[in-house]
Amino acid sequence: MKILKNKLVAVAYDLSVGDDDDREMMESATKEQPLRFIYGIGAMLPAFEDNIKLLEAGDKFEFSLTPENAYGERIEENVIELPKKVFEVDGKFDTEYVKEGATLPMMSSSGERMNGSVLEVNDDVVLMDFNHPLAGETLFFSGEILDVHDPTDEEILAINKEMGGCSCHNCDDSCCDDGCCDNSDGNCCC
């Protein structure tokens, strides 16, 4: 079966960054613990999906993605200082979670969710980087397609939950009790 939209794909791969002469390994997915995703639903970089389209189980791949086709260039304006009071819980600065090297879920003033990396914690401010950690990097992928098939309902639910999505498809009371849905406005998000 070929990789097409809405197929479940399992891949083993190595991801490194750098250039042709000097690369640093960033992550791997093994045959024992592959990356599993539903092709064509926006879970993966579009250029990654373009490079594996129509491959089948057993096919090997090797390709690179420039920053423009991956996570974009680093934007220095995305490195900002935030007042420490933004990170206070009950009037006290949260030293347990807000420390150099931590990645924190944040929300912009317009309600957009984003992750920020803590670069420095100073006396009055926290220096945050809202660039993707791989922004500005050329990504090198090599790997193998392990499986391609039509997903079962159970696989769809499991993959959705792994990727941080809601595990339900309808809006009954049990759905909203699983902790993944925003029911703050009285309406389940599912």
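Everything quoted here is computed from the prediction, not taken from an experiment.

> Please explain the sheet that holds strand 5 (residues 79-83) as it appears in this structure.
Strands in a sheet are paired, the pairing made by backbone hydrogen bonds, and the direction either parallel or antiparallel. Taking strand neighbours across the sheet as the criterion, the 4 strands line up as 5-10-9-8 in an open arrangement whose pairing is antiparallel. Lying at the two open borders of the sheet, with one neighbouring strand each, are strand 5 and strand 8 (103-107). Going across the sheet, the axis of each strand differs from the next one's by a mean of 45°, ignoring polarity. When strand 8 meets strand 9 (residues 113-121), the two strands line up antiparallel, connected through 5 bridges. Bridge pairing in strand 9 links M107 to R113.

> Could you clarify how one ought to interpret the nonpolar core in this entry?
By size, the foremost hydrophobic cluster in this structure holds 25 residues, and its most contacted members are F37, F48, I52, F61, L65, L139 and F141. With 5 residues, strand 1 (residues 8-18) is the single largest residue contributor to this core. Those residues within four positions of F48 in sequence are excluded, and the remaining contacts are F37, F63, L65 and F141. Among the nonpolar cores identified, the runner-up in size contains 11 residues, and F93, A102, M106 and F130 belong to it.

> Looking at this model, I keep getting lost on the side chain of E144. Mind explaining?
As for its position among the elements, E144 is in strand 11 (residues 139-149). On the basis of relative accessible area, E144 is assigned to the buried category, the value being 16%. Excluding residues within four positions of it along the chain, E144 makes contact with A10, V11, A12, K31, G58, D59, K60 and F61.

> How should I be thinking about the side chain of K7 in this particular structure?
In this fold, K7 is placed in the segment before strand 1. Residue K7 is classed as buried on the basis of its relative accessible area of 15%.

> Teacher, can you tell me more about the pairing of strand 11 here?
Regular strands show a simple pattern: their side chains alternate between the two faces of the sheet. In terms of strand pairing, strand 1 meets strand 11 through 10 bridges, oriented antiparallel. Residue pairing in the sheet places S16 in a bridge with F140 of strand 11. Direction of pairing for strand 4 (residues 60-65) relative to strand 11: antiparallel, over a ladder of 6 bridges. The residue bridging L65 from the neighbouring strand is L139, located in strand 11.

Parameters at a glance
- Residues numbered from 1 in each chain as written.
- Predicted model: local features only at pLDDT ≥ 70, side-chain atom pairs only at ≥ 80, totals over all residues.
- Heavy atoms only, no water.
- Pairing = 2+ DSSP bridges.
- Helix = DSSP H or I, 4+ residues; strand = E, 2+ residues; numbered from the N terminus.
- Axes fitted to C-alpha atoms, helices over the stretch in contact; angles between N-to-C directions.
- Core = buried A, V, L, I, M, F, W, Y, C linked by side-chain atoms within 4.5 Å.
- Buried < 20%, exposed > 50% of the residue type's maximum accessible area, 1.4 Å probe, protein only.
- Contact = heavy atoms within 4.5 Å.

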